Amino acid sequence: MAALRRALGLEPGDLPRMAPMFGAYFLTLTAIYVLKPARNALFLQGEGVAGLPWVLLAVAGAGGLTAFAYGKIADRLQPDKLVPATFGALAVLLLAFRWVLATEARWALYAFFVFVQLLGLLTTSLIWLWANSAFDPREARRVFGLIGTGGIIGSIVGGALTGAVASRLGTSNLLLLAALVLVSVVLVLRWAPPLRSSFESRSRRRRAASQDDAGADERLPRLLALNATIIGLVAVFVDVQFNSLVEKSFLEAEQKAAFFGLFFAAISFSSLGVQLILTPWLLRRFGLGPALAALPTALGAGAGLLFAGPGFPFAAAPKAADGGLRHSIHKAATEVVFLPVPASVKQRAKLFIDTTVDTAATGVGALLVLGLTGPLGWSYAQLSGPVLLLAAVSLWTVGRLRSAYVDAFRRALETRRLDDTALTTGMNEAAVAEVLQTALQSSQPRQLVYLLDLAESVGVMGLSRELRPLLDHPSAEVRRRALNLMGHQADALPIEVLDHLIDHDEDPEVQGEALFLRLRREGREDAMVAMLDGSGARAAAALRVLTESPQPDLLTPARIERLRALPEARATLASAVAASGLPFESTLRGLLENAPFDVVDGAIQGMAKAQDPRFVPWLIEALAQRELRGAARRTLAALGSISVPALSELALDAKAPLAARRAAIRTLADVADGPSTEALVELLEDDQPIISGAALQGLSRVQPRFLPRRRLRRWLRARIRTARLIRATRRCLGGRPEPGPGTRLFQRTLEEQWERSLEEIFSLLGLLHGREAMRDAYYGLGRARAEVLEYLDNTIRGGLKDELLGLFESEPKAQTLDPLFEAWMKQADPWLRATAVYARAELQGPGALAGTRDLHPLVQETLQHLEAAS
Amino acid sequence: MRTIIEKVILLQEVDIFSEVPTELLAYLAAVAEEVEFESGETVFREDESAELMYQVVSGAVRLHRGETEVTIARAGQPFGTWALFDDERRVVTATAVEPSQALAIAREDFVDVLADNVQVTQAILKGMVRRIRGLGRIVRGAP
């Protein structure tokens, strides 16, 4: 059994789930191919070939009506109820037709022809609907080709069975045989795999349907319908060309019948070969695009051959392509395309495409052939022109389909994320303004402060009438914030109001704010000098203005010396001096020596204004000091490219404090230019995972044009290799009874490393293939693993794809401990090496470490301890 | 003298460190010091200022208020953990009831590690939340 499974390219557990679907599809096609010869024989016997175009048009009309009525019924039932009920009803109708046909009424022949045509469409569509609802996208890739094979074998068996028993049973009695086979499908489906959760509850399905309908992009079902229409039209053209050439090539009826028999047998067998070998291989190896493109490409090539040499062997080429590929590879690939379509949309769309679109295309195709070959006088060979054109349109549709398929997965993953985290305040300017207008009357200071903060953060303007009374509020905090908010609006504050606050407000901070606004509105130098030489609060306000609009000549050494003595002004003095770009050594360094935190912080903020490279070394030193780190980082980021060389040097210095290196990395990411990106990429290979992780996080903020894609791919491959090593080691250690504390620590470390590796792999994939989509894919791994893998399969190309999917889908090979531990000793992370050494000594004895050398202090310490202990 | 790895093996048993990745636990292990107590020796007294948390490596330490025993911390169990988080004085006295070894982490060193490693802080907050929830369940009498 295992050998059969491997030969079929299946995973463990696939075979028992696939077998009932294989059986059901086999029996369905057996029934159809028992009925089709019976239908043709009865119709030709009664109405002749002349009736065929009209009955095809009737099929198109009836197909539309049936699809509408059936769609209404299908919408109320889940597939596991809908399918048995439909098959049962069709079996009963067959019994009824057996009785009606015995009356030899003319209308009964037309009705039966249409009925068999619709039965064929409906039953195959339902079986695929079930399969589509029961298998996830990864399983579908493996089993859909095989289920399709069941159908092809069924068509061969059905045809052969009819040939063998028709003369003995009588044509009409073939209906009873077909009804029996349809009932057996219902029995086989009892063992079919259960439907996936999206089909569990009707009410849930209805709720989902309304959500799906509201949010779903209909692009995928529309493109599928377009492609089905094109293929349906081409099929009619090709069929007519083929029949006309057979008619010319074979004079006798027996010759024609013999040729048809041989040709369809050959086509069925070739279709079987395609289905068994080509379809699974093409789907697994190259994905959907090539599989969907196979039929239009072959049809186009066949039409080209017919043009080049309109003799008989060439004429068979398009028909052979259609017969060999349409119900094998094309059907299986089309079913895979349906997988990401939301469940409710899928059910309706599938039935519509499989019934209405197909029959409508047949009807339109028949009308077009009548029009082109009749009034326009085209020869049948000339129909190759439209076939070529339609094949080209189909190839274009295939390209769109593939991108829509990938988009549908991306959107499905994104929606899941948004469903989990959708949080919105619904806050906007109008809402805040409305609340403020009533709430500003509140006497509660905390409430008012909160509202004023909110108004500032949302950027509310035009509330000067409501804010004006707050300048007399008893709370200084309220007055200051109201003043600040009004300061953003040029006309809201008359100069007299500011002067009043400067002279009469009791709170120095309110005074300072009013001064600041006053000086910003009227930048008079004499006023500025008066303020600078005034009290501490006034000087501080003037210095704030000087920080924003530096005037170095006003900051004379004598004035600086005087201001240093004013505690309220020291921080803003440092900020103004730094922003003015005065010589660091002669002015700022003196100010910063033994200065309190707020002074140094003020100076660092002022440096951001100066854009002076001479500040960079001092700021780099400040990164090592915990309390200054945040301000220094922001200022270095504001200095931009001029700080990058020093930042890169610090970040790459393995001996520098870890926290300072991380701060440097964050700052490099803030600058995000070419040289800072180069430094970040280099840091990806740092021995310290904290550093390489920070670099990776930083790269997510860099513009894609700066990213070295080849190096990122190489690094991604290395991370995938590490992740595979983790899986193999976990498997090897997993079955050991009662592991010791060192082994347990190593196992826990491997778990943590696995999580980190996945995070890094998807971060790197995000840099290469879109951050949002890969983040959604990463978060979807737990709940929608198959969808994520299918998305990756269609997004990533080449060997990288195989390596990545292999990480998730292939079981690691069983290995002994020695090569695994040897591999761990080659890893860059010293913590992993140290825990591996400790676990190895525990599992294999200290002797296993003989010859192990490692220069890292942590690993050396462990090795020496183990050696001493032994 | 224990290695960093051995200290990590011990520290990962402390409930508030349970969410800290082992690699980052090594930073705490680096500042954890080994201390030894004779039988009957007092580790700390009630109302003393609290600066250190302990993890018993071997032996046993009795935690008591006067003669009332609160609990006995044995190998693998921590005590005095709250000393890492606030300035409150000790609420119990700790006395070794047999020759004991422990790992001790000073609050100042602990804060230094947290300040430089935000991931450690996040993981310890998770561990703290777990402990508080556990206490909440005990108060409510839930399982």
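Here the structure is a predicted model, which means the values were calculated and not measured.

With that out of the way, let us pick up the overall build of chain A. For chain A, the helix and strand inventory stands at 40 helices and 0 strands. The 870 residues of chain A split such that 44% are buried. Restricting to contacts in chain A with at least 6 residues of sequence separation, those with at least 24 account for 77%.

This part covers the overall build of chain B. Check the secondary structure of chain B and you find 4 helices and 8 strands. Written out in order from the N terminus, the α and β elements of chain B read α-α-β-β-β-β-β-β-β-β-α-α. Among the 143 residues that make up chain B, the fraction classed as buried is 36%. Counting contacts in chain B only where the partners sit at least 6 residues apart, residues at least 24 apart contribute 74% of the total.

What follows is about the nonpolar core. In this structure, Ala178, Val234, Ile665, Leu668 and Leu680 of chain A together with Leu11 of chain B are the most contacted members of the largest nonpolar core, which totals 282 residues. Per element, the largest residue contribution to this core is 17 residues, and it comes from helix α5 (residues 106-134) of chain A. For Leu680 of chain A, the residues in contact, after removing those within four places along its chain, are Ile665, Leu668, Ala669, Ala695, Gly698, Leu699 and Val702 of chain A.

Moving on: the interface of chain A and chain B. Of the residues lining the interface, 17 residues belong to chain A; the matching set on chain B comes to 11 residues. Going through the elements one at a time, α30 (658-671), α34 (741-769), α39 (830-844) and α40 (857-869) of chain A are the ones with two or more residues in the side of chain A that touches chain B. Ranked by residues supplied to the side of chain A that touches chain B, first place goes to α34 of chain A with 5 residues. Residue composition of the side of chain A that touches chain B, grouped by class: 9 nonpolar, 4 polar and 4 charged.

Owing to its 3.6 residues per turn, the α-helix brings residues three or four apart onto one side. Every buried residue of helix α31 (residues 674-683) of chain A is accounted for by Ser676, Thr677, Ala679, Leu680, Val681 and Leu683 of chain A. Of the surrounding secondary structure, the elements contacted by the buried residues of α31 of chain A are α29 (644-652), α30, α32 (689-699) and α33 (709-734) of chain A.

Glancing now at the environment of Gln382 of chain A. Structurally, the position occupied by Gln382 of chain A is in the loop between α13 (343-373) and α14 (384-421). The exposure class assigned to Gln382 of chain A is partly exposed, which follows from the 15 C-beta atoms found within 10 Å.

The next point concerns the packing of α29 of chain A against α31 of chain A. All names here are of chain A. One way to put it is that α29 packs onto α31 with a least axis distance of 10 Å and a crossing angle of 5°. The angle between α29 and α31 falls in the class roughly parallel. Packed against α29, whose contacting residues are Val644, Ser648, Ala651 and Leu652, the element α31 presents Pro675, Ser676, Ala679, Glu682 and Leu683 at the interface. Residue composition of the contact of α29 with α31, by class: 6 nonpolar, 2 polar and 1 charged.

All names here are of chain B. Strands sit in the order β2-β7-β4-β5 across an open sheet of 4 strands; the sheet is antiparallel. Pairing within the sheet leaves two strands with one partner each, and these edge strands are β2 (42-44) and β5 (68-74). Each neighbouring strand pair of the sheet contributes to a mean axis angle of 30°, computed without reference to strand direction. Here β2 runs beside strand β7 (residues 93-96); their pairing, made up of 2 bridges, is antiparallel. For Phe44, the partnering residue across the bridge sits in β7 and is Ala94.

To continue, consider the sheet that holds strand β1 (residues 33-37) of chain B. All names here are of chain B. Within the open sheet, the 4 strands sit side by side as β1-β8-β3-β6. Their pairing is antiparallel. Single-partner strands in this sheet number two, and they are β1 and β6 (78-79). Pairing of strand β3 (residues 52-58) with β6 involves 2 bridges; the strand directions are antiparallel. Opposite Gln55, over in β6, you have Pro78 as the bridge partner.

Right, let's talk about unusual backbone geometry for a bit. Its identity is not glycine, yet Ala672 of chain A carries a phi of approximately 55°, on the positive side. Mapped onto the secondary structure, Ala672 of chain A falls in the loop between α30 and α31. In this structure, Asp47 of chain B is a non-glycine residue whose phi angle is positive, near 75°. Of note, Asp47 of chain B is situated in the loop between β2 and β3. Classification of Asp47 of chain B as exposed rests on a count of 11 C-beta atoms within 10 Å.

This next bit is on the environment of Val345 of chain A. Residue and element names in this part refer to chain A. By the secondary structure assignment, Val345 is in helix α13. Val345 sits in the partly exposed class, given 19 other C-beta atoms within 10 Å. C-alpha of Val345 to C-alpha of Glu218: the two residues are 127 residues apart in sequence and 8.7 Å apart in space.

All names here are of chain A. Assignment of secondary structure puts Gly287 in the loop between α10 (253-286) and α11 (288-308). Sequence separation between Gly287 and Val336 is 49 residues, and the spatial gap between their C-alpha atoms is 10.0 Å. Residue contacts for Gly287: discarding those within four places in its chain leaves Asp793 and Asn794.

With that settled, the discussion passes to the pairing of β7 of chain B. Sheet topology note: the strand β4 (residues 60-65) of chain B/β7 of chain B ladder contains 4 bridges and is antiparallel. What sits directly across from Val61 of chain B, in β7 of chain B, is Ala96 of chain B.

Here we come to the pairing of β5 of chain B. Residue and element names in this part refer to chain B. Note: β4 against β5, 6 bridges, orientation antiparallel. Counted as the bridge partner of Leu63 is Thr71 from β5. Between β4 and β5, which follow one another and run antiparallel, lie 2 residues, and Gly66 among them has a positive phi close to 60°.

This next bit is on the confidence of the model for chain B. Residue and element names in this part refer to chain B. Of all residues in chain B, 99% attain a pLDDT of 70 or more, and the chain-wide mean is 88. Within chain B, helix α4 (residues 118-140) has the poorest average pLDDT of any element, 82, and β7 the best, 95. Here the predicted complex scores 0.63 on pTM and 0.86 on ipTM.

All names here are of chain A. Across chain A, pLDDT averages 79, with 86% of residues at or above 70. Per-element confidence in chain A ranges from a low mean pLDDT of 46 for helix α8 (residues 202-215) to a high of 93 for α29. Throughout residues 197-216 the model reports pLDDT below 50, and contacts reaching past four residues in sequence, or to other chains, amount to 19 contacts. Here residues 417-432 scores under 50 on pLDDT; set against residues more than four positions off or in separate chains, the count is 11 contacts.

What counts, and where the lines are drawn
Residues numbered from 1 in each chain as written. Chains lettered and ligands numbered in written order. Predicted model: local features only at pLDDT ≥ 70, side-chain atom pairs only at ≥ 80, totals over all residues. Helix = DSSP H or I, 4+ residues; strand = E, 2+ residues; numbered from the N terminus. Buried ≥ 20, exposed ≤ 12 C-beta atoms within 10 Å, placed from the backbone. Contact = placed C-beta atoms within 7 Å. Core = buried A, V, L, I, M, F, W, Y, C linked by C-beta atoms within 7 Å. Nonpolar A, V, L, I, M, F, W, Y, C, P; charged D, E, K, R; others polar. Axes fitted to C-alpha atoms, helices over the stretch in contact; angles between N-to-C directions. Parallel < 35°, antiparallel > 145°, perpendicular 65-115°, else oblique. Pairing = 2+ DSSP bridges. pLDDT = per-residue confidence, 0-100.

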